[in-house]
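For reference, the chains in residue letters:
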Amino acid sequence: MKRIALINHGCAKNLIDSELILGKLAQEGYEVTLDDTKADIVIVNTCSFIHDAEKESVASIFDMIKLGKKVIIAGCLPQKYKKELQELIPEAVAFVGTSDFTKISDIIKNLEKDNKSDYEVSENPEYNYPETIERRQITVGASSYIKIADGCDFNCGYCIIPKLRGKYKSRKIENILKEAQDLVNKGVNEIVLIAQDTTSYGKDLYGKPQLIELLKRLNEIENLSWIRIMYTYPSLITEELLKTIASLDKVVKYIDIPLQHVSKNQLELMNRPVIDYKLMIEKIRKIIPSCAIRTTFITGYPNETEEDFEQLCEFVKTMKLDRVGVFEFSREKNTKADKLKPQIVAKIKHSRRKKLMEIQQDVSKEINKKLIGKKIDCIIETIGSDGIITARTYKDAPEVDGLIYIKTDKDLTPGDIVNVEVTGAAEYDLEGKF
């Protein structure tokens, strides 16, 4: 039987799809390896969110083709480009769309029989989480993601995700609770809830959003320490949700709200909620005083004026958000933004991103320095042979935020939650002792 490897690109949501693919293959008895050099067949689960992500995915595809591997291209690239991709990369043996990945084992069986290429890309993707498949986790540690929904019903001007993932589809609460319990039984101490938009969770199944109910039920799981929420939508951050986060002991006081911009002009062009984000941030901090707030912004969106950008800079300076990511606008076909004029030249997009990141670096360093001498809850990630322990504070999500490096002679294991005294601070990372 063929050995199969998988290369994953993109976000945590894509990572879970990759783990489900590997789980399905394991169920079917295939030998799965994470060493692509030893594989006969390599699945490349691609990302198409921005051009740079596409380039990385394409580079992996051609690297594997050069090594003589049979390559299956899965995920966003074939969903976005449909038959075009088959014509551009005829060397690939199969193409699989974002909602068709459970068919990969059948595709591989057919390849073994007749060696013919296959094409499974739904014209209108509809994501249904395969509850009967147990994820085969690529990264095993103290934390694990749980995808509570996929797809999106919003129509942001820059985003192609609804076309790639289809309508919003939630999982049943019972299925999410079971997966969370299974992960805890395996030693996971933090679960991270993800979706294209977590605040809409349940609206399609239960007639209204049910994130609050889900959090309450997850909070009852024994031996689970932290529950973290990512990808919330600004206009759906209700007072009831904030009070729930404040009241539940296992829900970390951390909110990820992709704002994208603050200028009314830009928000309208982006099809984003035009609300006073300053008031929203102040409300969050009033209800959850210790809350860490993470967001992302886009620079160089079409029609972004100097005034729009300066408004964004001033917001970042004054609101002093804990974590900020900045993306240069990436022009995508079949989006509203693709047709807007004037488009901003690459040099200006880049310089604006650089300036905004420099502002946030100063803010972040200021926030971190104020932590020196204070104690903060942290989750242990790794223990180095040199005795240095890598951890994250409750203010830091896996992979996207900062780390704290701890010196201690105490016996700790990954997943432990400890109260650490901060002894040093840089722009993003901390030092501590325990």
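Shown above is the structure to which this text applies.
The following paragraphs examine the structure supplied in this document. In every chain, residue numbers begin from 1 and rise along the written sequence. Whole-chain, interface and lining totals are the exception, using all residues; otherwise, since this is a predicted model, local features are given only for residues with pLDDT of at least 70 and side-chain atom pairs are given and counted only at 80 or more. Calculated side-chain values reflect all of the structure's heavy atoms, with hydrogen atoms and water omitted.

Section: the nonpolar core
In this structure, Ile-191, Leu-193, Leu-215 and Phe-297 are the most contacted members of the largest nonpolar core, which totals 55 residues. Excluding its chain neighbours within four sequence positions, the residues that come into contact with Leu-215 are Leu-193, Ile-227, Ile-229, Leu-241, Ile-245, Leu-248 and Val-251. Ranked by size, the runner-up nonpolar core spans 51 residues in total, among them Ala-74, Val-93, Trp-226 and Ala-397. As used in this record, nonpolar core signifies buried Ala, Val, Leu, Ile, Met, Phe, Trp, Tyr and Cys residues forming a set joined through side-chain atoms within 4.5 Å. Partly exposed residues are those whose accessible area sits between 20% and 50% of the maximum for their type, while under 20% is buried and over 50% is exposed, using a 1.4 Å probe and protein chains only. The contact definition used throughout considers only heavy atoms, calling two residues in contact when any of these lie within 4.5 Å.

Focus on the pairing of strand S18 (residues 417–425)
One requirement defines pairing of two strands: DSSP has to find at least two bridges between them. A run of DSSP states H or I qualifies as a helix once it reaches four residues; a run of E qualifies as a strand once it reaches two. Both are numbered from the N-terminal end. Bridge count between strand S15 (residues 375–383) and S18: five bridges; the pairing is antiparallel. Considered in S18, the bridge of Lys-375 is made with Glu-421. Relative to strand S19 (residues 430–433), S18 runs antiparallel, the two being bridged by four bridges. Each bridged residue has a counterpart across the sheet, and for Val-422 the counterpart in S19 is Gly-432. Counted along the chain from S18 to the antiparallel partner S19, the turn is four residues long.

A short note on helix H5 (residues 104–114)
Looking at H5, one finds that the buried residues are Ile-104, Ser-105, Ile-107, Ile-108 and Leu-111. Each buried residue of H5 sits inside an arc of 160° when the element is viewed along its axis, so together they form one side. Where H5 is buried, its residues meet strand S1 (3–8), helix H1 (12–27), strand S3 (41–46), strand S4 (70–75), strand S5 (94–96) and strand S6 (118–120). Throughout, the arc means that of the directions going from the helix axis to the C-beta atoms.

Focus: the sheet that holds S15
With respect to topology, five strands assemble into a closed barrel ordered S15-S16-S17-S19-S18, the strand pairing being mixed. Ignoring which end each strand starts from, the neighbouring axes of this sheet average 50° apart. Axis angles are defined between N-to-C directions and span 0 to 180 degrees, where every axis is a line fitted to C-alpha atoms and, for a helix, only to the segment in contact.

Focus on the sheet that holds strand S10 (residues 190–194)
The strand order across the open sheet formed by six strands is S7-S10-S11-S12-S13-S14, and the pairing between neighbours is parallel. Each having just a single partner strand, strand S7 (143–147) and strand S14 (323–328) make up the two edges of the open sheet. Direction aside, the axes of adjacent strands within the sheet are offset by 20° on average. Where strand S12 (residues 251–256) lies against strand S13 (residues 292–299), three bridges are found, and the strand directions are parallel. The residue bridging Asp-256 from the neighbouring strand is Arg-294, located in S13. Most of the contacts of helix H15 (residues 346–369) go to S14, to which it runs at about 175°, and overall it touches S13 and S14.

Side note on the packing of aromatic side chains
Each aromatic pair joins two rings of Phe, Tyr and Trp (for Trp, the six-membered one) with centres within 6.5 Å, and gets the label stacked for planes under 30 degrees apart, edge-to-face for over 60, and tilted for any other angle. Applying the stated rule across the entire model yields six aromatic pairs. When the centroid spacing of 6.5 Å and the interplanar angle of 50° are considered together, the rings of Phe-95 and Tyr-119 count as tilted. Here Phe-95, found in strand S5, pairs with Tyr-119, found in strand S6; they are 24 residues apart in sequence, far enough to count as distant. Between Phe-101 and Tyr-127, the aromatic rings sit 5.9 Å apart at their centres with planes inclined by 45°, giving tilted as the arrangement. Here Tyr-127 lies in the loop between S6 and S7 and Phe-101 lies in the loop between S5 and H5, a separation of 26 residues in the sequence. Per residue, the accessibility class of Phe-101 equals that of Tyr-127, and both read buried. Ring-pair connections join several aromatic residues into one group, and the members of that group are Tyr-158, Tyr-301 and Phe-329.

A look at the pattern of salt bridges
Here, a salt bridge means any side-chain nitrogen of Lys or Arg that lies within 4 Å of a carboxyl oxygen of Asp or Glu. One pass over the structure, following the stated rule, counts 36 salt bridges. With a shortest N-O distance of 3.0 Å, Asp-153 and Lys-203 are connected by a salt bridge. With Asp-153 in the loop between strand S8 (149–150) and helix H6 (161–165) and Lys-203 in helix H8 (residues 203–206), the pair connects residues that are 50 residues apart, well separated along the chain. Residue classification places Asp-153 among the partly exposed residues on the basis of a relative accessible area of 36%. Residues joined in a network through salt bridges with shared partners are Glu-19, Glu-131, Arg-135, Arg-171 and Glu-179.

Thoughts on the environment of Arg-285
Topologically, Arg-285 is positioned in helix H12 (residues 277–287). Each C-alpha atom, one on Arg-285 and one on Leu-211, is 20 Å from the other, the two residues being 74 residues apart in sequence. Not counting residues within four places of it along the chain, the set of residues in contact with Arg-285 comprises Ile-293, Met-319, Lys-320 and Leu-321.

Functional significance is not addressed by these values, which are geometric in nature.
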